[in-house]
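Summary of structural features
Okay, here's what each chain looks like letter by letter:
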Amino acid sequence: MVTCKVSQSSIARVSPQVVSLAHSNQSDGLRSSLKSTHNPEPAMSACMTGRERLTRSIERRHPDCIPVLHWVQEGALHQFGDALYRLAERCPEDGGDLTPTSRPITKPDPAHLVNGGYRRTLIDEWGVQWEQRAFGIMGHVHEYLVQGRDDLAKVRRPDVPIPGSDAARQLAAATAAHQARGFYSRQGWITLWETMSALRRMDDLLIDIAEDNELANALADQVMETRLKQVHALLDAGADGIQFADDWGSQTCTIISMNLWRRFFLPRYRRLIEPVRARGRHVFFHCCGHSLPLFDDLAGLGVQVIWPQVGTNDQAAVAAALKRTGMGLFWDVDRQHIMSRGTPAEVTASIVEAKARFADPAGGLIFWGELYPGYPLANVEALWDGFQRLR
């Protein structure tokens with residue numbers, strides 16, 4: 001793999017004047033140009049942009065180094081403040097930047113500070129009421145909307161840009177501007193199971209699915225049809241890749257049997273993923289918990305990059321599954337244990353081990369650095385600095 005010191009200037013070296021990024025053809029054009037150069041090592045005079053690096057890694061066409069992506073939960077940004085901006089400046093990522101302009105620090109509304117704690121309720125785009133007990137964290141469902149078949153009419157349909165509308169043009173322009181700065185555009189958080197289990201209490205929903213009853217199928221199809229519209233809108237906007245996500249694992253096994261998953265959910269995932277592959281874009285899938293039993297099926301659906309939870313899946317078995325299926329890997333440090341209660345040395349050792357196990361000069365490995373409130377700052381610095389040094 002070519003050694004390259006990645007800097008902010010090298011990542012964002014595409015002219016900022018290119019702002020009409022709504023490319024239904026732009027990403028396809030990039031892929032066409034890349035297909036014409038199947039050299040085993042990239043013949044480039046400068047470091048690749050983040051967009052080039054991620055594309056080459058996913059497609060196994062020898063990136064100049066391991067791609068890195070970050071995400072910072074709102075509560076973590078509030079906790080770490082300016083120290084995180086300084087860290088992001090010396091440890092740039094390939095999917096965007098973190099500055100006071102791009103992500104200003106937000107503070108809790110004093111109205112939500114109750115008896116020394118934090119409490120906020122909100123209604124999401126589906127009409128579900130959530131409660132947050134910690135600032136900047138997603139929270140939990142406070143009231144389930146669907147108690148029976150008649151309640152399906154209460155479910156809101158999230159707004160999706162209509163093709164040709166001002167909203168669609170704005171989304172395309174924002175995507176284009178992002179890509180014009182050299183960043184990869186991974187868009188969406190397309191869930192099916194998680195949305196269903198937010199709308200209907202999980203134990204009732206699991207019984208519905210096991211019975212294959214009318215309510216389960218009606219709810220699944222209602223969510224799927226909206227998600228399908230969102231997928232098409234993001235593709236029309238020019239996204240390089242679409243992020244799907246559903247947490248199918250407990251600590252030790254899948255939530256439902258694989259036979260039931262294949263019967264009820266696999267055909268619906270196929271409908272959601274097929275348009276992405278048909279248009280030559282990339283498919284990412286996140287799944288917390290023990291998700292190894294899903295790997296072969298997800299690869300068969302067209303998933304190109306899997307993002308599993310490190311601590312609940314045997315890493316040797318993950319490596320074998322990736323080799324067998326050809327999927328790439330979002331490697332996410334063990335947040336449950338190491339990031340929360342470990343030491344900087346343990347964080348660094350995890351990165352070293354992951355690189356030794358999963359890195360390949362052809363690509364496939366992507367470092368993922370997600371931050372939550374409550375992490376020690378020293379561990380945060382070890383994670384992002386480690387990615388930058390070892391990529």
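The model shown is predicted, which means the values in this text are computed figures rather than measured ones.

Some thoughts on the nonpolar core
- Judged by nonpolar contacts, the single largest core of 88 residues is most densely connected at L84, F244, W261, F265, W331, L371 and W384.
- What L84 contacts, discounting residues up to four positions off in sequence, is V72, A76, L77, L98, L371, V380 and W384.
- If you look at the next biggest cluster of nonpolar residues, it comprises 10 residues, including L69, V305, W307 and F330.

Some remarks on the layout of surface pockets
- Reported here for the second largest pocket is a volume of approximately 220 Å³.
- Lining of the second largest pocket is provided by 14 residues; of these, R60, A319, L322, K323 and F358 occupy positions nearest its centre.
- Sorting the residues of the lining of the second largest pocket by element identifies helix 13 (315-325) and helix 15 (344-358) as the ones contributing at least two each.
- Ranked by residues supplied to the lining of the second largest pocket, first place goes to helix 13 with three residues.

Looking at the pattern of salt bridges
- Applying the stated criterion to the full structure yields 23 salt bridges.
- A salt bridge links D94 to R53; the shortest N-O distance between them is 2.6 Å. Here the residue D94 occupies a position in the loop between helix 5 (82-90) and strand 2 (113-114), and R53 occupies one in helix 3 (residues 50-58), the gap between them amounting to 41 residues.
- A relative accessible area of 0% places R53 in the buried class.
- Between R324 and D296 there is a salt bridge, and its shortest N-O distance comes to 2.7 Å. In this pair, R324 sits in helix 13 while D296 sits in helix 12 (residues 295-301), placing the two residues 28 residues apart along the sequence.

Brief notes about the side chain of R103
- In this fold, R103 is placed in the loop between helix 5 and strand 2.
- Engagement of the side chain of R103 in a polar contact is seen with the backbone oxygen of V72, the distance being 2.9 Å.
- Not counting residues within four places of it along the chain, the set of residues in contact with R103 comprises W71, V72, Q73, E74, L77, Y85 and L98.

Some words on the confidence of the model for the protein chain
- With 88% of its residues at a pLDDT of 70 or more, the protein chain has an overall mean of 90.
- Predicted confidence is poor over residues 8-45, with pLDDT under 50, and the contacts of this stretch with residues over four places away or in other chains come to 94 contacts.

Observations regarding the sheet that holds strand 1 (residues 68-72)
- Spatial strand order, 1-12-11-10-9-8-7: seven strands in an open sheet with parallel pairing. Edge positions in the sheet fall to strand 1 and strand 7 (186-190), since each has one partner strand and no second. On average, adjacent strands in this sheet sit at an angle of 20 degrees to one another, irrespective of strand direction.
- Two elements, strand 8 (residues 241-245) and strand 9 (residues 282-287), share five bridges in a ladder whose sense is parallel. Each bridged residue has a counterpart across the sheet, and for A245 the counterpart in strand 9 is H286.

What counts, and at which threshold
- Residues numbered from 1 in each chain as written.
- Predicted model: local features only at pLDDT ≥ 70, side-chain atom pairs only at ≥ 80, totals over all residues.
- Heavy atoms only, no water.
- Core = buried A, V, L, I, M, F, W, Y, C linked by side-chain atoms within 4.5 Å.
- Buried < 20%, exposed > 50% of the residue type's maximum accessible area, 1.4 Å probe, protein only.
- Contact = heavy atoms within 4.5 Å.
- 1 Å grid on protein atoms, 1.4 Å probe; cavity = no way out; pocket = protein on both sides within 12 Å on 5 of 7 lines; lining within 4 Å.
- Points joined across faces, edges and corners; volume = space filled by probe spheres on them.
- Helix = DSSP H or I, 4+ residues; strand = E, 2+ residues; numbered from the N terminus.
- Salt bridge = Lys/Arg side-chain N within 4 Å of Asp/Glu carboxyl O.
- Polar contact = N/O pair within 3.5 Å; in protein donor to acceptor, adjacent residues only side chain to side chain.
- pLDDT = per-residue confidence, 0-100.
- Pairing = 2+ DSSP bridges.
- Axes fitted to C-alpha atoms, helices over the stretch in contact; angles between N-to-C directions.

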